[in-house]
Amino acid sequence: MSDRTPKRIAAGNWKMNGLSAELAEAEALAAAFPAPAASVLLCPPATLLAPMAQALAGSAIGLGGQDCHAAEKGAHTGDIAALMLADAGAGHVILGHSERRAHHGETDAQVAAKLRAAWAAGLTGIVCLGETAAERAAGRTLEVVGAQLAGSLPPGATAANTVIAYEPVWAIGSGQTPTPEEIVEVHAFLRQNAPDPAISLLYGGSVNPGNAAQIFAIAGVDGALVGGASLKAVDFGAIVTALLAA
Ligand code: PEP
């Protein structure tokens, strides 16, 4: 591990959004940021990975998948292997997003197995953690996030192969964000407990062009995982600009 300062990262999660026509957004972003001083990546649906790799060719914007299977290959209809993501041009993969944990019953152990598969394929895993509204109301935020961190990161997680995204479930797609103090508390806890002090800690949940600068000014925030506001180059570009200025 060379650089001991966490990398600043803006990652866009397109979720199940985007047809070929939307590749124009990736092209516009690539044109706006030929050489950003932070890591910027887009994570489109699997169908757009290969064409988006072409659209981003020559730019400094990277590509990521949204999930991968723990197995290298085989009889897993509808799933995607980490090597397939890498083969399509991805360098990262989002793992353990709360939508996958909630809608597909993904456990911490499964996320850890997927992260191992990602590493084996040469990908960096962006591991998502976060409490529900009920867990926060019950004062269990650090307990929940701590258990997810311990269970989702196998031994060997370093800044070279892993990024952590703190994404309160109640903040995703809701327009609500935690207070700066709440984000500071969780990020300080993650920093204390992360296996490598240089692992980047992203905040995710309703980041938009209007609040990005304020969020990037919060101690311990190394960047953002952005959902809805990453779909349009003009919005995600404004978030990247805020990160570069932070
Ligand atoms: C996400 O789904 O990872 C996310 C942060 O979504 P949004 O930015 O839309 O809240």
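Residues numbered from 1 in each chain as written. Predicted model: local features only at pLDDT ≥ 70, side-chain atom pairs only at ≥ 80, totals over all residues. Heavy atoms only, no water.

Asks: What is the right way to read helix α1 (residues 23-32) from this model?
Replies: Every α-helix winds through 3.6 residues per turn, so residues three or four apart in the chain are directed the same way. Listing the buried residues of α1 in full gives L23, A26, L29 and A30. For α1, the angular spread of the buried residues around the axis is 115°, confining them to a single face. Contact partners of the buried residues in α1: β2 (39-43), α2 (49-56), β3 (61-65) and α10 (233-245). (Buried < 20%, exposed > 50% of the residue type's maximum accessible area, 1.4 Å probe, protein only. Helix = DSSP H or I, 4+ residues; strand = E, 2+ residues; numbered from the N terminus. Arc of directions from axis to C-beta. Contact = heavy atoms within 4.5 Å.)

Asks: Can you walk me through the pattern of salt bridges in this structure?
Replies: Any two side chains of opposite charge can pair, on the condition that their charged atoms come close. Following the criterion strictly, the structure yields 12 salt bridges and no others. Residues R4 and D196 are paired through a salt bridge, measuring 2.4 Å at the closest nitrogen-oxygen approach. In this pair, R4 is assigned in the segment before β1 (9-13) and D196 in the loop between α8 (180-193) and β7 (201-204), connecting sequence segments 192 residues apart. Judged by its relative accessible area of 38%, R4 falls in the partly exposed class. (Salt bridge = Lys/Arg side-chain N within 4 Å of Asp/Glu carboxyl O.)

Asks: Please explain the sheet that holds β1 as it appears in this structure.
Replies: Whether parallel or antiparallel, the strands of a sheet pair through hydrogen bonds between backbone atoms. Taken in spatial order, the eight strands line up as β1-β2-β3-β4-β5-β6-β7-β8 and close into a barrel, and their pairing is parallel. Within the sheet, the average angular offset between the axes of one strand and its neighbour, ignoring direction, is 25°. Sheet topology note: the β7/strand β8 (residues 223-226) ladder contains three bridges and is parallel. Following the sheet pairing, G204 is matched in β8 by L225. Packing against the sheet, α2 makes contact with β2 and β3, and its axis sits at approximately 175° to β3. (Pairing = 2+ DSSP bridges. Axes fitted to C-alpha atoms, helices over the stretch in contact; angles between N-to-C directions.)

Asks: How do you make sense of the environment of L225 when you look at a structure like this?
Replies: Residue position: L225 is located in strand β8. Residues L225 and A70, 155 residues apart in the sequence, show an inter-C-alpha distance of 22 Å. Beyond its immediate chain neighbours, meaning those up to four positions away, L225 contacts A11, N13, I94, I126, C128, A165, E167, L202, Y203, G204 and G205.

Asks: Got a minute to help me understand the site of the ligand in this structure?
Replies: As a matter of local geometry, the ligand sits amid 14 residues, with K15, H97, E167, G173 and S206 nearest to it. Backbone polar atom of S206 to an oxygen atom of the ligand: 2.8 Å apart, as the coordinates give it. G228 places a polar main-chain atom, nitrogen or oxygen, 2.9 Å from an oxygen atom of the ligand. Bound to the protein, the ligand loses 95% of the 290 Å² it would expose on its own. Split into classes, the residues belonging to the shell around the ligand amount to four nonpolar, eight polar and two charged. (Near = heavy atom within 4 Å. Polar contact = N/O pair within 3.5 Å; in protein donor to acceptor, adjacent residues only side chain to side chain. Areas by Shrake-Rupley, 256 points an atom, 1.4 Å probe, with all protein chains shown as cover. Nonpolar A, V, L, I, M, F, W, Y, C, P; charged D, E, K, R; others polar.)

Asks: Looking at this model, I keep getting lost on the packing of helix α5 (residues 108-120) against helix α7 (residues 141-152). Mind explaining?
Replies: Axes are the key here: two packed helices are described by the angle between their axes and the distance separating the axes. Look at α5 against α7: their axes get within 7 Å of each other, and the N-to-C directions meet at 40°. The orientation of α5 with respect to α7, classified from their angle, is oblique. With respect to the hand of their crossing, α5 and α7 are arranged in right-handed fashion. Touching D108, A109, V111, A112 and L115 of α5 are A147, Q148, G151 and S152, all from α7. Among the residues forming the contact of α5 with α7, the class breakdown is five nonpolar, three polar and one charged. (Parallel < 35°, antiparallel > 145°, perpendicular 65-115°, else oblique. Left-handed = near helix turned anticlockwise from the far one by under 90°.)

Asks: Help me understand the side chain of E131, please; the structure alone is not making it clear to me.
Replies: Relative to the assigned elements, E131 resides in the loop between β5 (124-129) and α6 (133-137). Within the local environment of E131, its side chain forms a polar contact with the side chain of Y166, the two groups lying 2.9 Å apart. In terms of polar contacts, E131 uses its side chain to reach the side chain of W170, at 3.0 Å. Sequence-distant contacts of E131, that is, excluding residues within four places in its chain, are made with R136, T141, V144, V145, Y166, P168, V169 and W170.

Asks: Honestly, α10 in this entry has me stumped. Any pointers?
Replies: Counted at 1.5 Å a residue, the expected span for α10 with its 13 residues is 18 Å, and the 18 Å between its end C-alpha atoms agrees. All of the buried residues in α10 are A233, F236, G237, I239, V240, A242 and L243. Against the buried residues of α10 lie β1, α1, β2, α9 (212-216) and β8. (Expected span 1.5 Å × (residues − 1).)

Asks: Just checking my understanding: could you explain unusual backbone geometry for this structure?
Replies: Among all residues except glycine, the phi angle is most often negative; among peptide bonds, the trans geometry is most common. Positive phi, close to 50°, is recorded for K15, a residue that is not glycine. Relative to the helices and strands, K15 is located in the loop between β1 and α1. Backbone geometry at S206 places phi at a positive 60°, although glycine is not the residue there. Looking at the element boundaries, S206 is found in the loop between β7 and α9.

Asks: Looking at this structure, how should I read the packing of α1 against α10?
Replies: Orientation of α1 relative to α10, taken along the N-to-C sense of each, is 35°, at an axis distance of 9 Å. Pair α1 / α10 crosses with right-handed handedness. Residues E25, A28 and L29 of α1 lie in contact with α10, whose contacting residues are A233, F236 and G237. Of the residues that constitute the contact of α1 with α10, the class distribution is four nonpolar, one polar and one charged.

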